[in-house]
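Listed below are the residues making up each chain.
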Amino acid sequence: MIGLFQMNGPVQVIVLLILECGVFAFHCVYAPYADKITRFVATLVACIRTVISALNLTYIDSFHGVTDRQRQFIAYTQICMHFLIFSIFFGIHLSRLMMLLTG
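Residues numbered from 1 in each chain as written. Predicted model: local features only at pLDDT ≥ 70, side-chain atom pairs only at ≥ 80, totals over all residues. Heavy atoms only, no water.

Participant: Break down the environment of Met-81 for me, citing the residues and quoting the values.
Facilitator: Within the element layout of this structure, Met-81 appears in helix H3 (residues 68-102). If we skip the residues at most four places from it in the chain, Met-81 touches Ile-48, Val-51, Ile-52 and Leu-55. (Helix = DSSP H or I, 4+ residues; strand = E, 2+ residues; numbered from the N terminus. Contact = heavy atoms within 4.5 Å.)

This is the structure we're talking about:
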């Protein structure tokens, strides 16, 4: 769906942000068979993804209030957020592996 707006960058970013907000709202409201930890992790990851998508708005050319140095800082912030999500999932898999190995 996002590919339909390939020629219009601002609309593409806004559609992506709307979809991410929908995923975040879904995880906040609907998780009937999930325990508290699973629901918390899913909601946290959806929240971080929404923030990352919102930060993409600063890369639009028509958004004149942001300098290149600020965009670089925002890019590093996005990288750190991606690393945070990676660390969360890596920690979950590592703890499950340790549980399997220790019996």
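Participant: Can you tell me about the layout of surface pockets, naming the residues and giving the values?
Facilitator: In this structure, the largest pocket occupies an estimated 160 Å³ of space. In this structure, the largest pocket is lined by Asp-35, Ile-37, Thr-38, Val-41, Phe-89, Ile-92, His-93 and Arg-96. Secondary-structure elements contributing two or more residues to the lining of the largest pocket are helix H2 (36-55) and H3. It is H3 that provides the largest number of residues to the lining of the largest pocket, a total of four residues. Grouping the amino acids of the lining of the largest pocket by side-chain chemistry returns four nonpolar, two polar and two charged. (1 Å grid on protein atoms, 1.4 Å probe; cavity = no way out; pocket = protein on both sides within 12 Å on 5 of 7 lines; lining within 4 Å. Points joined across faces, edges and corners; volume = space filled by probe spheres on them. Nonpolar A, V, L, I, M, F, W, Y, C, P; charged D, E, K, R; others polar.)

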